[in-house]
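Topology and contacts: notes
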Amino acid sequence: MNRKEELSQNLELVRSKIAKVANHEVTLIAVTKTFPVRDAEILHELGVRDFGENRDAEGAEKAAIVSGTWHFQGQIQSNKLKSITSWASVIHSLDDPRHFEIIEKVAPHPLQIFLQVSLDGAHHRGGAGLEELHSLASLVEKSPTHTLAGLMSVPPVEMDPNDAFAQLAVIHTEFMKLFPGATSLSAGMSGDYEAAISHGATHVRVGSSILGSRSPHL
């Protein structure tokens, strides 16, 4: 089996699993981190238009070659934001108002922005606490340029994903009472995207289930 056949089979399996659990529209983001740009090109040939990257350098390289909507979902570093906002159209991991102030100054085009929520209070995997969420959301919502898309979270390692997504769904429902336009929920990766969708995720970030467990060139 060649690489295109392999990716095609994996992609169709993921799409079929999404279709079985979703009763709403779900955006599948193919996360291509550590994989070569050729894989992103093949996925584009197979109809994928949403791609995710955790690292600025990889995202910049691939987005220059493969057209589509590129999503940045990694931990934000202030000194990388000028570059990140040059190639990404969507940012999934905003958790610091200082980073948004930089985005306002350097982004060359409008962005869709998800606020990353910490579910454990310890911020081990990034994210703002609930007490910080509303002030950060107000900051983004006031922007004349950028759009508050919704919330994102990564389940804490020690928490059952189903419990984490149930908790996130409650947070999102309450959040939308104050920010009714922030209807999107970015949650779920290769190991748990079906559970995330069952709790209302509108965007899932899937890497290894499509591309394999590790880069073929490593």
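The paragraphs below set out a description of the structure included in this document. Along every chain, residues carry numbers that run from 1 in the direction the sequence is written. Local features in this predicted model are restricted to residues of pLDDT 70 or higher, and side-chain atom pairs are both shown and tallied only at a pLDDT of 80 or more, whereas totals for entire chains, interfaces and linings draw on every residue. Only hydrogens and water are set aside; all other atoms, that is, all heavy atoms of the structure, feed into the side-chain values.

**Overview of the nonpolar core**
Heads up, the rule is: Among buried residues, the Ala, Val, Leu, Ile, Met, Phe, Trp, Tyr and Cys ones that are joined through side-chain atoms within 4.5 Å form a nonpolar core. Burial classification: accessible surface area is computed with a 1.4 Å probe over protein chains only, and a residue below 20% of its type maximum counts as buried, one above 50% as exposed, and the rest as partly exposed. Helix and strand definitions follow DSSP, with helices as H or I runs of at least four residues and strands as E runs of at least two, each counted in order from the N terminus. It only takes one pair of heavy atoms within 4.5 Å for two residues to be counted as in contact.
Membership of the largest hydrophobic core comes to 55 residues, with the highest contact counts inside it found for Leu 43, Leu 94, Leu 115, Phe 175, Val 204 and Ile 210. If one sorts the elements of this core by residue count, helix H7 (residues 161–178) sits on top with five residues. Apart from the residues lying within four places of it in its own chain, the contact partners of Leu 43 are Leu 7, Leu 11, Ala 30, Thr 32, Val 48, Phe 51, Ile 210 and Leu 211. With five residues, the next largest nonpolar core counts Val 90, Phe 114, Met 152 and Val 154 among its residues.

**A look at the packing of helix H6 (residues 130–141) against H7**
The criterion, for reference: Each axis is a line fitted through C-alpha atoms, and for a helix only the stretch in contact is used; angles between axes span 0 to 180 degrees, taken between their N-to-C directions. Handedness of a crossing follows from how the near helix is turned relative to the far one, being left-handed for an anticlockwise turn of less than a right angle and right-handed for a clockwise one.
Remark: H6 packs on H7, axes separated minimally by 11 Å, with the N-to-C direction vectors making an angle of 35°. The handedness of the crossing between H6 and H7 comes out as right-handed. From H6, Leu 130, Leu 133, His 134 and Ala 137 reach across to H7, where they touch Ile 171, Phe 175 and Leu 178.

**A closer look at helix H1 (residues 3–21)**
Rules: Between the first and last residue of a helix there are one fewer steps than residues, each counted as 1.5 Å, and that sum is the expected span. In this context, the arc is that of the directions from the helix axis out to the C-beta atoms.
Taking 1.5 Å of rise per residue, the 19 residues of H1 would be expected to cover 27 Å, and the 28 Å separating its terminal C-alpha atoms lies within 8% of that figure. Of all the residues in H1, the buried ones are Arg 3, Leu 7, Leu 11, Val 14 and Ile 18. All buried residues of H1 fall inside an arc of 65° around its axis, so they share one side. Along H1, exposed side chains directed more than 90 degrees from the buried face belong to Ala 19 and Lys 20. Packed against the buried residues of H1 are strand E1 (27–31), helix H2 (37–45), helix H8 (193–198), strand E8 (203–206) and helix H9 (208–211).

**What to know about the environment of Ser 153**
Condition: In protein, a polar contact means a hydrogen-donor-capable atom and an acceptor-capable atom, both N or O and within 3.5 Å, with residues adjacent in sequence counting only if both atoms are side-chain atoms; elsewhere, any N or O pair within 3.5 Å suffices.
Here Ser 153 is to be found in the loop between strand E6 (147–152) and H7. The class of Ser 153 is buried, set by a relative accessible area of 2%. C-alpha separation for the pair Ser 153 and Ser 93, spaced 60 residues apart in sequence, amounts to 8.3 Å. Once residues lying within four places of it in the same chain are set aside, the contact partners of Ser 153 are Val 117, Leu 119, Leu 168, Ser 186, Ala 187 and Arg 205. Separated by 2.8 Å, the side chain of Ser 153 and the backbone oxygen of Val 117 make a polar contact.

**Quick notes on H7**
The first and last C-alpha atoms of H7 sit 26 Å apart over 18 residues, in line with the 26 Å expected at 1.5 Å per residue. Taken as a whole, H7 has its buried residues at Ala 164, Phe 165, Leu 168, Ala 169, Ile 171, His 172 and Phe 175. Where the residues of H7 are buried, they touch strand E5 (112–116), H6, E6, strand E7 (184–186) and H8. Measuring from the side-chain oxygen of the N-cap residue of H7 to the backbone nitrogen of Asn 162 gives 2.8 Å; that N-cap residue is Asp 160.

**Describing the pattern of salt bridges**
What counts is decided by this rule: Salt bridge, as used here, is a side-chain nitrogen of Lys or Arg placed within 4 Å of a carboxyl oxygen of Asp or Glu.
Across all of its chains, the model carries ten salt bridges by this definition. Here Glu 45 makes a salt bridge to Lys 4, at a shortest N to O gap of 3.3 Å. In this pair, Glu 45 sits in helix H2 while Lys 4 sits in helix H1, placing the two residues 41 residues apart along the sequence. One salt bridge in this structure joins Glu 174 and Lys 177, with 2.9 Å as the shortest N-O distance. In this pair, Glu 174 and Lys 177 are both assigned in helix H7, three residues apart and thus about one turn of the helix distant. Judged by its relative accessible area of 60%, Lys 177 falls in the exposed class. The network of salt bridges with common partners includes Lys 4, Arg 38, Glu 41 and Glu 45.

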